[in-house]
Amino acid sequence: MAMVITVALFFCGDIMKEYKTVEFESSDEFVEKKSRFIGYVKPVKTQAEAAEFINSIKSKHWDAAHNVSAYVLKENNIQRSSDDGEPSGTAGVPVLDVLLKEGLVDVCVVVTRYFGGTLLGAGGLIRAYSHSSKIAVAAGNIITMAPCKILSVSVDYSFYERMNIMLNDFGANIENSDFADNVTIRFSLKESLVDNLSRTLTEQSNGKYTLDIIGEKFAKI
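So, a few notes on the structure that sits alongside this text. (Residues numbered from 1 in each chain as written. Predicted model: local features only at pLDDT ≥ 70, side-chain atom pairs only at ≥ 80, totals over all residues. Heavy atoms only, no water.)

Looking at the sheet that holds strand 7 (residues 107–114)
In sheet architecture, strand pairing relies on hydrogen bonds along the backbone and comes in two forms, parallel and antiparallel. Threshold: Paired strands, in this sense, are two strands between which DSSP finds at least two bridges. Numbering of helices and strands runs from the N terminus, with a helix taken as a DSSP run of H or I at least four residues long and a strand as a DSSP run of E at least two residues long. Orientation is described by lines fitted to C-alpha atoms, with helices fitted over the stretch in contact, and by angles between N-to-C directions that extend from 0 to 180 degrees. The criterion used for residue contact is that any of the two residues' heavy atoms lie within 4.5 Å.
Taken in spatial order, the five strands make up an open sheet running 3-4-7-5-6, and their pairing is antiparallel. Two strands in the sheet have a free side with no partner beyond their single neighbour: strand 3 (26–32) and strand 6 (78–82). On average, adjacent strands in this sheet sit at an angle of 15° to one another, irrespective of strand direction. Across seven bridges, strand 3 lies against strand 4 (residues 35–43) in antiparallel orientation. Bridge assignment links Val31 to a residue of strand 4, and that residue is Arg36. Packing of helix 2 (residues 92–101) onto the sheet brings it into contact with strand 5 (66–73), strand 6 and strand 7, and relative to strand 5 it is tilted by some 30°. Strands in contact with helix 3 (residues 121–140) are strand 3, strand 4, strand 5 and strand 7; relative to strand 3, the strand with the most contacts, it is inclined by about 150°.

What to know about helix 3
Stated precisely, the cut-off is as follows: Helices are assigned an expected span. That span is 1.5 Å times one less than the residue count. The rule is simple: take the accessible area with a 1.4 Å probe, protein chains only, and divide by the maximum for that residue type; under 20% is buried, over 50% is exposed, in between is partly exposed.
Helix length check: helix 3 (20 residues) gives 29 Å between terminal C-alpha atoms against 28 Å at 1.5 Å per residue, within 8%. The complete set of buried residues in helix 3 reads Gly124, Leu125, Ala128, Tyr129, Ser130, Ser132, Ser133, Ile135, Ala136, Val137 and Gly140. Once helix 3 ends, the next one or two residues include Asn141, with phi positive near 65°.

A few points about the packing of aromatic side chains
We apply this condition: Only centres within 6.5 Å qualify two rings of Phe, Tyr or Trp (six-membered ring in Trp) as a pair; their planes then separate them into stacked at under 30 degrees, edge-to-face at over 60, and tilted for everything else. Ring-over charges, as used throughout, are those where CZ of Arg or NZ of Lys falls within 6 Å of the ring centre and within 35 degrees of the ring normal.
Overall, the coordinates contain six aromatic pairs when judged by the stated rule. Taken together, a centroid distance of 5.5 Å and an interplanar angle of 15° make the contact between Phe30 and Phe37 stacked. Phe37 matches Phe30 in its accessibility class, with the two residues each being buried. Between Tyr160 and Phe179, the ring centres sit 6.1 Å apart and the planes meet at 90°, which makes this aromatic pair edge-to-face. Of this pair, Tyr160 sits in helix 4 (residues 157–169) while Phe179 sits in strand 9 (residues 173–179), and the two are 19 residues apart along the sequence. The exposure class of Phe179 is partly exposed, given its relative accessible area of 48%. Taken together, the ring pairs in this structure connect Phe30, Phe37 and Tyr129 into an aromatic cluster. Its guanidinium or amino end placed over the ring of Tyr19, Lys74 lies 5.0 Å from that ring's centre, counting from NZ or CZ.

Here we look at the packing of helix 2 against helix 3
Applied cut-off: Throughout this description, any angle smaller than 35 degrees is read as roughly parallel, any larger than 145 degrees as roughly antiparallel, any in the 65 to 115 degree range as roughly perpendicular, and the remainder as oblique. Should the near helix be turned anticlockwise from the far one by less than a right angle, the crossing is termed left-handed; should it be turned clockwise, right-handed.
Orientation of helix 2 relative to helix 3, taken along the N-to-C sense of each, is 40°, at an axis distance of 8 Å. In this view, helix 2 runs oblique relative to helix 3, as classed from their interaxial angle. Note on packing geometry: the crossing formed by helix 2 with helix 3 is right-handed. Between helix 2 and helix 3, the residues in contact are Pro94, Val95, Val98 and Leu99 and Ile126, Tyr129, Ser130, Ser133, Lys134 and Val137, respectively.

Overview of the packing of helix 4 against helix 5 (residues 194–204)
Definition in use: Under the scheme applied here, ten amino acids are nonpolar (Ala, Val, Leu, Ile, Met, Phe, Trp, Tyr, Cys and Pro), four are charged (Asp, Glu, Lys and Arg), and all others, including Gly, are polar.
In contact at an axis separation of 11 Å, helix 4 and helix 5 are set at 155° when each is read in the N-to-C sense. Of the possible angle classes, the one that applies to helix 4 and helix 5 is roughly antiparallel. The interaxial crossing formed by helix 4 with helix 5 has right-handed handedness. The residues of helix 5 that touch helix 4, namely those facing Phe159, Arg162, Met163, Met166 and Leu167, are Leu197, Thr200, Leu201 and Gln204. Classifying every residue of the contact of helix 4 with helix 5 gives six nonpolar, two polar and one charged.

Shape descriptors only; they carry no functional weight alone.
This is the structure in structure tokens:
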């Protein structure tokens, strides 16, 4: 009796708009005229999560001259920034501007500054905080999220390798593989490719396999 593989898929729909955010919490730093700037970034969903992250960095760097912050939330289009003692408009706003220019949401950045003894001036501060935000965001890895439909398909082991190749060709992001009597693979794919994948699957399997919708979620594409 042929062993069967069950493959579960996530396909992106257009019910909600795609958006960009960062994939994970991270940091990076640089030195400007002996002042040390450390940029921290974290994906957040609420103001409470943003505040918790900001406070955690402030606690970690309680001895720093400044802990400048900014965040953007998708829900209600919330945008906040704080200069944390730096001259008005030279710190929090440049950090926030980087997030807005990148089109990022659900993300919080905190830039810690240890003063090196040399004044940077308004222009120098703006450039330093902007650069800190940019390198922090880059370290967090910018990704695009989209609403996804969860689908499933069952295939024989003899078709499994071909199925994996097909998913790779369509740019699917595999999230989980569970190998038992059946193997369940989860992955995400943009909606515009769903019909093409379904058609390709039908052609390559001579109509033996079809896709079934089992749910939906947001996923990285």
